[in-house]
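# Reading the structure
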Amino acid sequence: MKAEARAVIISEHMENGIFDYLKCFPNGNRAEQFKPRASQPVESKPVTVKNYYDAWIEKKKPPFVRRSLERDYRQAFNKNILPFMGDMELNSVTVQTLEDFRLHLVEERKLTLKTARNVIDGSVRVMFRDAGRRIDRNPFNDLPANWWPRLPKKEPDPYTEHERDRILDFYRNRRPTTNTLSSTLGSIQAR
């Protein structure tokens, strides 16, 4: 009877959202999950892009990533990313920072738009994705859909009739004849 009455009270508390596990089961098998945790000391030093990168890159090794991908990450960060934003706080990187970085890569570093996109999307975006809950806001989530301009498509440039004829003439004048092939094969077999 007592157990039934207690179960009714617990059910009512759960329905009303006021259930307190520790009050009902102070020595229960899940009591540790509901006990208040000792407050963790808050880091006084903000995490910079470089600090986070140093820890992050240690996890980007085979067998978790290809050896060439690890090399590409290191190269992109050491040559381009860390010199530009290494001292920035990880949480202070914004869309404006990414736009400034894109401009820096294309205009000052003289990288092609495709290479700049590989650096930003292939390395910086991956690091921010992996940072997950460690950052307040991922700036890549705020980028507009058309942030990277579409490059103009080049039409195919086939050979002209004149170029085609010159290639065919060259081949016809220099191709081996049947007799030459037969004699070459015969001399090889005779050996």
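Above this text sits the structure in question.
I will try to describe carefully the structure that is included in this document.

Basis of the calculations
Residues numbered from 1 in each chain as written. Predicted model: local features only at pLDDT ≥ 70, side-chain atom pairs only at ≥ 80, totals over all residues. Heavy atoms only, no water. Phe/Tyr/Trp six-rings, centres within 6.5 Å; stacked < 30°, edge-to-face > 60°. Helix = DSSP H or I, 4+ residues; strand = E, 2+ residues; numbered from the N terminus. Buried < 20%, exposed > 50% of the residue type's maximum accessible area, 1.4 Å probe, protein only. Lys NZ or Arg CZ within 6 Å of the ring centre and 35° of its normal. Contact = heavy atoms within 4.5 Å. Polar contact = N/O pair within 3.5 Å; in protein donor to acceptor, adjacent residues only side chain to side chain. Salt bridge = Lys/Arg side-chain N within 4 Å of Asp/Glu carboxyl O. Axes fitted to C-alpha atoms, helices over the stretch in contact; angles between N-to-C directions. Parallel < 35°, antiparallel > 145°, perpendicular 65-115°, else oblique. Left-handed = near helix turned anticlockwise from the far one by under 90°. Nonpolar A, V, L, I, M, F, W, Y, C, P; charged D, E, K, R; others polar. Core = buried A, V, L, I, M, F, W, Y, C linked by side-chain atoms within 4.5 Å.

Inspection of every chain in the model, using the stated rule, returns 7 aromatic pairs. Ring geometry for Tyr 53 and Trp 56: centres 6.3 Å apart, planes at 45°, overall tilted. Of this pair, Tyr 53 and Trp 56 both sit in helix H4 (residues 49-57), 3 residues apart, which is roughly one turn of the helix. Considered together, Tyr 53 and Trp 56 belong to a single accessibility category, that of buried residues. A ring pair is formed by Trp 147 and Trp 148, whose centres lie 4.9 Å apart and whose planes are at 80°; its orientation type is edge-to-face. Each of the two residues, Trp 147 as well as Trp 148, counts as buried. Members of the aromatic cluster, each reached through a chain of ring pairs, are Tyr 53, Trp 56, Tyr 73 and Phe 77. Here Arg 102 stacks its cationic end above the ring of Trp 147, 4.1 Å away from the centre of that ring. The side chain of Arg 102 reaches across the aromatic face of Trp 148, ending 5.6 Å from its centre.

Take the side chain of Thr 48 next. In this fold, Thr 48 is placed in the loop between helix H3 (31-34) and H4. Residue contacts for Thr 48: discarding those within four places in its chain leaves Gly 86, Asp 87, Met 88, Glu 89 and Leu 90.

So, about the side chain of Asp 121. One can find Asp 121 in helix H7 (residues 113-131). For Asp 121, a relative accessible area of 19% corresponds to the buried category. Here the side chain of Asp 121 touches Arg 125 through a polar contact of 3.2 Å, side chain to side chain. Excluding anything up to four places from it in sequence, Asp 121 contacts Val 126, Phe 140 and Trp 148.

Going through the model one piece at a time under the given rule, you end up with 11 salt bridges. Here Glu 70 and Arg 74 are joined by a salt bridge, their closest N and O atoms 3.3 Å apart. One end of the pair, Glu 70, and the other, Arg 74, are both in helix H5 (residues 67-85), 4 residues apart, so they sit about a helical turn from each other. Residue classification places Glu 70 among the buried positions, given a relative accessible area of 13%. Close ionic contact of Arg 164 with Asp 165 constitutes a salt bridge, the shortest N to O distance being 3.2 Å. Through salt bridges with shared partners, a single ionic network connects Lys 60, Arg 129 and Asp 130.

So, on to the packing of H4 against H5. In contact at an axis separation of 11 Å, H4 and H5 are set at 165° when each is read in the N-to-C sense. The angle between H4 and H5 places the two elements in the roughly antiparallel class. As for the relative orientation of H4 and H5, their crossing is left-handed in sense. In this structure, H4 contributes Val 49, Lys 50, Tyr 53, Trp 56 and Ile 57 to the contact, and H5 contributes Tyr 73, Arg 74, Phe 77, Asn 78, Leu 82 and Met 85. Residues of the contact of H4 with H5, tallied by class, amount to 8 nonpolar, 1 polar and 2 charged.

Of all hydrophobic cores here, the largest spans 30 residues; its most connected members are Trp 56, Ile 81, Leu 90, Phe 101, Met 127 and Phe 128. Counting residues per element, the ones that place at least two in this core are H4, H5, helix H6 (95-108) and H7. Among the elements that take part in this core, H7 stands out by supplying 8 residues, more than any other. Ignoring sequence-local partners within four residues, the contact set of Leu 90 consists of Val 47, Thr 48, Val 49, Tyr 52, Met 127, Phe 128, Ala 131 and Ile 135.

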